[in-house]
Amino acid sequence: MTATKAPWDVSARIVDEAPSEEIGGNGVADIEEDSALEKRLRLKIDLRLCTIAGILCSLNLLDSGVISSAAVTSLPTDLGLTGNRFSIAIFIFTISSIAFQLPSTLAVRTFGPRLWFSFITFSFGIITMSTAFIQTWQQMIALRVLLGAAMSGIYPGLTYLISTWYPRREQQTRFAFLQVGEVVILATGGIVNFGLNQLNGRGGIAGWRYMFLVQGLISVVIGLVTYFWMVDFPENAHRSFWFLTAEEQELAVARINADRKDVEPDEFAWSKVFMHAKDPKIYGFAVMFFLLNLVSTSLSYFLPSILQSGLGFSENEAILLNAPPYYYAVIPVLLSSIVGDKFRLRGPVIIFNCVTLIVGFSLLGFAKQDAVRYLGTFLATGAYVSNWAALSAYQANNITGQWKRAFTAAAVTALNGAGGIAGSFIVRYQEAPWYPTAIWVSIGSHILMIAIVALFSVYFHFSNKLAASGKIVLEGVEGFRYTL
């Protein structure tokens, strides 16, 4: 474990010497961009933070992968999940997650990322394993409540942590790395679920029980590893195991202070958190996450069911064919994020992804050939996964301050969860094989998202012009500019 004092003097000196206008431009003042030291630092952060963040965020998708795969096995019959009880199981998970998101995100700061993320991941694994032993749908509902509480802080907490480590110009690609980890593990989990379902009846145990047991055990192991692998915040990087040298930590802090001057958090007070509720931008970001998760929930939880009931594939074929769209999603999320960071644009990337998703759902809903409809699932999945990274960067690039970041991460994830609630009800089995409600809601939600991005773009453009003329100071930081 590398021990060193916090490097405030160095970073403060670099920021104080920097022209204020550079804070909103290239982001890092008086630091040679892409120097050997900075490249080494960035690689270290990517390998330590983005890797474990991708794995941890995948647990949420892993849960959706397990339960969606189990939905086409004997689980509904075994537990009496008739009518809309399966949707209720997803709904109650999301309600619990929303309720605990803000306190769990703040706990990342209070207890430190290593301790908190390892604790909630270990808890997630234990609860998932316990699901293998339930006998009634009521027991499943109870465990889904606990699972939602355990999962609540992972995505907003990691979004918050990643945003504190990278200048704005580098963030979308890092959020893309996170998404790549998620979707690869989700896709691979679908294949694993196929294999585990082949054990159906072995030892008198149903195949779906093996799914929860094995993947819960994997999560427990990941939770233990997280304590040693996860890193702390930049100013506390010396508390991380085998991570940065003193010189690298100084540069890490200086990069962020030069970009937006918000490394050091104010002393915690609830008033400092909730004062940011007055910023209407946060609600715009939150609504877009709601609209996005409306679609992603319907696809991630119900895709095997759509493949089985809508496209006529068998139980095992539906589980296997759930994986390829997620492997494909790696390509558009990386390409769109690299383009977004290179040109420092967020809104146009989001709009492009929205248009792609609309095309994908149009194919899924209106094409007559099964192969074309299956192609639609590729386009839709790739688009919504890409927009996770783009929207995360969009909101993180346009706010400053530690407690505002924490509040925004929790707020957008809460509305994201509310989108999950709605998304769990728009796929109606009685509407198979065309699912018109899901198709039209998904298309309409992304037309609305395009409109919101257009409004934000106009607002950011004119706000930047006013700031450049010295008439206003954006986000309370001299020289700060919004990212379009």
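Definitions and limits used
- Residues numbered from 1 in each chain as written.
- Predicted model: local features only at pLDDT ≥ 70, side-chain atom pairs only at ≥ 80, totals over all residues.
- Heavy atoms only, no water.
- Helix = DSSP H or I, 4+ residues; strand = E, 2+ residues; numbered from the N terminus.
- Contact = heavy atoms within 4.5 Å.
- Salt bridge = Lys/Arg side-chain N within 4 Å of Asp/Glu carboxyl O.
- Buried < 20%, exposed > 50% of the residue type's maximum accessible area, 1.4 Å probe, protein only.
- pLDDT = per-residue confidence, 0-100.

Draft legend 1. Structural detail: the environment of Leu81. Assignment of secondary structure puts Leu81 in the loop between helix H3 (75–79) and helix H4 (85–111). Placed 56 residues apart in sequence, Leu81 and Trp137 show a C-alpha to C-alpha distance of 6.2 Å. When neighbours within four sequence positions are excluded, Leu81 is seen to be in contact with Leu75, Pro76, Phe86, Trp137 and Met140.

Draft legend 2. Seen up close, the pattern of salt bridges. All told, the structure shown has 19 salt bridges when counted by the stated rule. Between Lys281 and Asp279 there is a salt bridge whose closest N-O contact spans 2.7 Å. Neither residue differs from the other here; Lys281 and Asp279 are each classed as buried. Put simply, Lys404 and Glu475 hold a salt bridge, and the shortest N to O gap is 2.9 Å. Placement of the pair is Lys404 in helix H17 (residues 402–426) and Glu475 in the segment after helix H18 (436–468), with a sequence separation of 71 residues. No difference in accessibility class separates Lys404 from Glu475, as the two residues are buried. Each of the salt bridges in this network shares a partner with another, and the network as a whole consists of Glu38, Arg42, Arg169, Glu170 and Arg255.

Draft legend 3. Quick look at the confidence of the model for the chain. For the chain, the mean per-residue pLDDT works out to 87, and 92% of the residues sit at or above 70. Confidence over residues 1–30 falls short of pLDDT 50; this stretch has 70 contacts with residues more than four positions distant or in other chains.

Draft legend 4. Spatial organisation of the side chain of Asp46. Along the chain, Asp46 falls in helix H2 (residues 36–70). The contact partners of Asp46, leaving out residues within four places of it in the chain, are Thr51, Tyr166, Arg174 and Phe177.

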